[in-house]
Amino acid sequence: MKKQSLFKQKSHVFILLLICLFTTPLFAQESNNSQKSDFWNHVRFGGGIGLSFGNEFFSGTLAPSAIYQFNRQFALGVGLSGTYNSQKYYYKSTVLGGSIIGLFNPIDEIQISAEFEENNVNINWDNRTGFANENYWYPSLFLGAGYRARNVTIGIRFDVLYDKYKSTYADPWMPFVRVYF
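Values in this document were obtained by computation on a predicted structure and should not be read as measured data. (Residues numbered from 1 in each chain as written. Predicted model: local features only at pLDDT ≥ 70, side-chain atom pairs only at ≥ 80, totals over all residues. Heavy atoms only, no water.)

A. Broad picture of the packing of aromatic side chains. Per the stated rule, a full pass over the model turns up 11 aromatic pairs. Residues phenylalanine 39 and tryptophan 40 carry aromatic rings whose centres are separated by 5.0 Å and whose planes lie at 85° to one another, so their mutual orientation is edge-to-face. A residue is classified by how much of its surface remains accessible, and tryptophan 40, at 60% relative accessible area, is exposed. By way of ring pairs, the aromatic residues Phe39, Trp40, Tyr68 and Phe70 are connected into one cluster. It is arginine 157 that lies over the ring of phenylalanine 142; its NZ or CZ is 3.7 Å from the centre. (Phe/Tyr/Trp six-rings, centres within 6.5 Å; stacked < 30°, edge-to-face > 60°. Buried < 20%, exposed > 50% of the residue type's maximum accessible area, 1.4 Å probe, protein only. Lys NZ or Arg CZ within 6 Å of the ring centre and 35° of its normal.)

B. Quick peek at the pairing of strand β2 (residues 57–69). The sheet contact formed by strand β1 (residues 43–54) and β2 spans 12 bridges and is antiparallel. Its bridge partner being in β2, arginine 44 is matched across the sheet by isoleucine 67. Pairing of β2 with strand β3 (residues 74–87) involves 11 bridges; the strand directions are antiparallel. Counted as the bridge partner of isoleucine 67 is glycine 77 from β3. From the end of β2 to the start of β3, which pair antiparallel, there are 4 residues. (Pairing = 2+ DSSP bridges. Helix = DSSP H or I, 4+ residues; strand = E, 2+ residues; numbered from the N terminus.)

C. Structural context of a nonpolar patch on the surface. A cluster of nonpolar side chains, namely Phe70, Phe74, Leu76, Val78 and Ile100, defines an oily patch on the protein surface of about 490 Å² accessible area. With 3 residues, the top contributor of residues to the nonpolar patch is β3. Here isoleucine 100 is to be found in strand β4 (residues 91–107). (Patch = residues over 30% accessible without salt bridge, like charges linked within 9 Å, V, L, I, M, F, W, Y side chains within 5 Å. Areas by Shrake-Rupley, 256 points an atom, 1.4 Å probe, with all protein chains shown as cover. Salt bridge = Lys/Arg side-chain N within 4 Å of Asp/Glu carboxyl O.)

D. Up close: the sheet that holds β3. Taken together, the 8 strands give an open sheet; going across it, the order is β1-β2-β3-β4-β5-β6-β7-β8, and neighbouring strands pair in antiparallel fashion. Unpaired on one side and paired on the other, β1 and β8 (173–179) mark the two borders of the sheet. Within the sheet, the average angular offset between the axes of one strand and its neighbour, ignoring direction, is 20°. Bridging between β4 and strand β5 (residues 110–125) involves 15 bridges; their strand directions are antiparallel. (Axes fitted to C-alpha atoms, helices over the stretch in contact; angles between N-to-C directions.)

E. A look at unusual backbone geometry. In this structure, tyrosine 89 takes a positive phi of about 65° despite not being glycine. Assessed through its relative accessible area of 48%, tyrosine 89 is described here as partly exposed. One non-glycine residue, arginine 150, adopts positive backbone phi at about 60°. Note that arginine 150 resides in the loop between β6 (134–149) and β7 (152–159). Residue arginine 150 is classed as exposed on the basis of its relative accessible area of 77%.

Given below as structure tokens:
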């Protein structure tokens, strides 16, 4: 009986010791994390909004993005995009995707960019067209250059993976306006 009581006491001490060992580092980490990180001071948000309409045609795009500014010259970021297109009696499509972008400013006024984008394309053709509905993934790799003034960059980019039959864009050359706050 005494052996069992002694074993219980030792097991309680062992459990108490384990609790102390595992909770002490947690409190230490909590106090270290109370120091404010400057990570968010380097994050800049931006994106794009597009709207186009014409003769029974509509297109709308929403593309938020964020970059991390490592220093005055380099930034790296991610973006999401969603586009809806509709041509009455012809088709409706949705294009959803994401991208990774790298920005390099050799001098403050010049910005060079590389952006990899992957989009899921879903096209629902009107039955009268005779085309089969389509759903596929399409990559784009844009290389671009632009003039930068503060938060705004105006330039042109080129899709080196452009395929005129599958691309989500009408042309491999695309002008852009990029804004990050």
